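Spelled out, the chains give:
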Amino acid sequence: MSKPKPFPHNLNQWDSCENPLAPLTECQKDCLSSLETVVTSYFPSWNPQSDSISGGDDEKAQRDSQDTLPIERYQELLQHYLSLERKYVSMYDMKYNLYLNELKSRRSECEKVCSQIEDALNDFSALYKQYTEVSGKTTSLYEASEQLISDQKQLNATIDSITEYVRYFKEIDVISEKLDAPTLSVNSEMFFNILEKIDTNINFMQNNSSYNESGVYLVRYRHCQSKAIALIQNYIFNLFSKTTESILNLKDSEGTPENADAALALFYGRFQTILSKTKPVIEQVEGKSYKRQEYDSLLLECHQYYWSQRGLVLGASIQKSLNSVREKYNGDHCSLVRHACALLLHASIDEHRLFYEFFSKQSSGLTAYLESLCTSLYDALRPFIIHINHLETLAEICCILRIEMLDEHVQNNFEPLEGFGNICLQLLHDVQERLVFRAHLYLQSDVLNYNPSAGDLAYPEKLKMMEDIAESIREETRQSRMKKISVSSTDSSALEPVSRNHIVIDSIYQKTHMGNSPADLHGMWYPTVRRTLVCLSRLYRCVDRSVFQSLSQEAICLCVQSIENARQEIERRASTLDAELFQIKHLLILREQIAPFQVDFTIKEYSLDFSKVKTAAFGLLEKSSRLFTLSNNALLQFLLEGAPQMKEQLIDSRKHVDAKLKFTCQRLIQHATYLLIFPVVKLLEKDKLHEATGQGDALGGAREVAAIVADVLRVIKFKCPEIQQSMQLYLANKETEFILFKPVKNNICAAFTQLHQALNKYYNAEDLLLIACPLPEQISVMLSSTTLTQGKSNRDSFSQPTLKRSQSVTKQDV
């Protein structure tokens, strides 16, 4: 058997083309190639084709190749492959094994270090245990020391508090000795310190009532407080009484000083001299009065004693001054009231100022004192007020009390003048009561029961006389202007002086020329209207709104009634037209003059309605059989159903004037219509009577009717301008004249329209031609032309502008 070849040779022979030992398939060849690729990738340094090996590697490879047995079997191949694999793997892992060994060495070192650390920790634990035992003993020692120090401080505080508390009990003897000392001065710092200590000790005893004998010491301290208060009271009272005695003795010896400055120095300067002695003590009392009732009572007693002493000083002097004022202004009630009030006003201000120089705490009794001081003013003035009968004087006194005293002085300086204001308010109420009483009597006697003279009722003569005066003034003015023009053309310096009579007359001319009727002049008003408006103007500023509303309603009603009475008198002596125009004009004046009053002229009146009483009484007579029955008793039913009811009625004075004015305007329109076309109205009434009864001739003969129509046209032609002129004379207001005359014109046109219808019904064409009754359009044109003619003729005398609405008749009034 031949020697086997090395395994590379055999391996090369395996896949030899000529004599392969183990022929491989293509698939196996591919696997080997892949295996070779893998081995090459894992062992890049290995090259199977390299033939040269350097150094020891060559020798080792050579030695390995010698020792290697020939590979003949597959098992041998695998073993050889496994040995090669282990060889190369051990070579590849050598660095890791070295690193592993290094780690093992470091591990052993760490284990040694851990063992040393564990030994150190055991030593530290033993040391910490010993430290804890020492620290605990030190802390307990420190706490024991702190507790000892705290106990020491507490004991010291207890000793101090006991000493402080004992001081409150020990000071009673010292305070009592000081209060009993004869040299103690109330107005001194030591006395004020004693008061402060007494208050402090009393508070301590009250707050610590559980202490032993605190009640006993509280009583003793209160006794000391009472003694100190008595000293203060005696000190202040003695100063006030001595000052009062000095003033009274000086007055008795020298009499009341006539000079105001001397009186002021006597009554107020003497008291101000003791201000430095009393002010510090009073300040102490006032400061303690907020905390202690005893000092508050002491302060109130000081106030009362001060006011009593001031009353002794000022009472007789004020009364004497009021008597002198009353003697000086005897008969002049307004000056008496003004000067007497001024006297008490200044006295109140001075007393208020002097009081607050001594005391700084507010006192409600000051107002009562000042009011009692001012009571002498009420006692002095009221006997004069209740005997004053003149309304002007009473109204003036009301204005003095309300405006000058209450509004100007009391309201602007209320605190010192509150008491004075209360007295003035009482006087004002008395004056208002007297004024209302006298106004009521005045309205009854001088308005309702006024007996007019012949001159009061001389209408329209008075107005025509004023118109003639205005015409003469215009003529004189025209001539004077012409004369001035002529004089100025010759000699500008020679001017005729104007007399005072010319000035007075010229003022009348200016009023008439500016568009006012002569009846608009205040002196031309009917006396009751003038008195009523003057009375209301006085009352408006003097009495309360509710009282004025009641009085104004009564005054306006009485004034309207007096105008009605005057109208009747004028109608008897003059004409109905003048009477109606007189009433319309004065009602317009009354409505205009009451418009500015900012009050409601509506008042409530209550009355009893006895209408049900009569019905219930008849029912009682019918049910007389059931008077004493138990069920459905007639007497009980009468009491329940027959009780009178209270009715409330609103009365508006302005509406009353408007209603009266409307009624008068309608009456004037009706009268003017009858005055112009009364025969036509009679014909129309005859026509209505004929249509109703069918008896008698309808209107009469054609000639008779023609005469009536001609007479009516003549009356319209001549009477219509007279009516227009009378309206212009009384009213002097184109708008009012137009409003009043338009219904007259409409009535005339309507009457002629009805007359045309009646004539067409009863007469033929020839009779109608004979009668010659004008058409309503012709009547309207004739009335318009008559009015225009009259307006032209009087354009120079009274070309009046339209007056304001309150003094003009409106459409609602007619």
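The present account deals with the structure reproduced in this document. (Residues numbered from 1 in each chain as written. Predicted model: local features only at pLDDT ≥ 70, side-chain atom pairs only at ≥ 80, totals over all residues. Heavy atoms only, no water.)

**Description of the overall build of the chain**
Helix and strand counts for the chain stand at 26 helices and two strands. Split into buried and exposed, the 814 residues of the chain put 36% on the buried side. Restricting the contact set of the chain to residue pairs at least 6 apart, pairs at least 24 apart contribute 79%. Accessible surface, the chain as shown: approximately 48,400 Å² in total, 55% of it carbon and sulfur. (Helix = DSSP H or I, 4+ residues; strand = E, 2+ residues; numbered from the N terminus. Buried < 20%, exposed > 50% of the residue type's maximum accessible area, 1.4 Å probe, protein only. Contact = heavy atoms within 4.5 Å. Areas by Shrake-Rupley, 256 points an atom, 1.4 Å probe, with all protein chains shown as cover.)

**A closer look at helix α17 (residues 527-542)**
Compared with an ideal rise of 1.5 Å per residue, which puts 16 residues at 22 Å, α17 spans 23 Å between its outermost C-alpha atoms and is within 8% of the ideal. Inspection of α17 places Pro527, Thr528, Val529, Thr532, Leu533, Cys535, Leu536, Leu539 and Cys542 among the buried residues, and these make up the whole buried set. Close packing links the buried residues of α17 with α13 (391-410), α14 (418-448), α18 (545-573) and α19 (576-594). (Expected span 1.5 Å × (residues − 1).)

**As for the packing of aromatic side chains**
On inspection of all chains with the given rule, the structure shows 23 aromatic pairs. On the numbers, 4.1 Å between centres and 15° between planes, the contact of Phe237 with Tyr305 is stacked. Placement of the pair is Phe237 in helix α7 (residues 214-254) and Tyr305 in helix α10 (residues 293-328), with a sequence separation of 68 residues. The class of Phe237 is buried, set by a relative accessible area of 15%. Considering the side-chain rings of Phe271 and Tyr306, the 6.1 Å spacing of their centres and the 85° angle between planes classify their relative orientation as edge-to-face. Taken together, the positions of Phe271 in helix α8 (residues 260-273) and Tyr306 in helix α10 put the pair 35 residues apart, joining distant regions of the chain. For the pair Phe271 and Tyr306, a shared accessibility class is recorded, and that class is buried. (Phe/Tyr/Trp six-rings, centres within 6.5 Å; stacked < 30°, edge-to-face > 60°.)

**Side note on the packing of α14 against α18**
Where α14 contacts α18, the two axes come as close as 9 Å, and the packing angle between them is 10°. The angle between α14 and α18 places the two elements in the roughly parallel class. Counting all contacts with α14, which are made through Val436, His440, Leu443, Gln444, Val447 and Leu448, the residues of α18 involved are Val547, Leu551, Glu554, Ala555, Leu558, Cys559, Gln561, Ser562 and Asn565. (Axes fitted to C-alpha atoms, helices over the stretch in contact; angles between N-to-C directions. Parallel < 35°, antiparallel > 145°, perpendicular 65-115°, else oblique.)

**Topic: the pattern of salt bridges**
Across all of its chains, the model carries 30 salt bridges by this definition. As a salt-bridge pair, Asp199 and Lys288 come within 3.0 Å of each other at their nearest N and O atoms. On the criterion of sequence distance, the pair formed by Asp199 in helix α6 (residues 189-207) and Lys288 in helix α9 (residues 275-289) is long-range, its members being 89 residues apart. Side by side, Asp199 and Lys288 carry an identical accessibility label, which is buried. The residue Arg667 makes a salt bridge to Glu564 at a minimum N-O spacing of 3.9 Å. One end of the pair, Arg667, is in helix α22 (residues 653-693); the other, Glu564, is in helix α18, with 103 residues separating them in the sequence. (Salt bridge = Lys/Arg side-chain N within 4 Å of Asp/Glu carboxyl O.)

**Observations regarding unusual backbone geometry**
Each neighbour pair has its own omega, and for Tyr459 with Pro460 the value is 5°, a cis peptide bond. Here Pro460 shows up in the loop between α14 and α15 (461-490). Even without glycine at this site, Glu213 takes up a positive phi of about 65°. Take Glu213: it is sitting in the loop between α6 and α7.

**Overview of a nonpolar patch on the surface**
A cluster of nonpolar side chains, contributed by Val113, Ile117, Leu121, Phe124 and Leu127, occupies part of the molecular surface with about 490 Å² of accessible area. Tracing the chain through its elements places Val113 in helix α5 (residues 94-180). Since its relative accessible area comes to 41%, Val113 is described here as partly exposed. (Patch = residues over 30% accessible without salt bridge, like charges linked within 9 Å, V, L, I, M, F, W, Y side chains within 5 Å.)

**Section: the environment of Ala672**
Mapping Ala672 onto the fold places it in helix α22. A sequence separation of 73 residues divides Ala672 from Lys745, and the C-alpha atoms of the two residues are 9.6 Å apart. Setting aside residues no more than four positions away along its own chain, Ala672 makes contact with Ile723 and Val744.

**Structural notes on the environment of Ser226**
Structurally, the position occupied by Ser226 is in helix α7. Each C-alpha atom, one on Ser226 and one on Glu294, is 8.4 Å from the other, the two residues being 68 residues apart in sequence.

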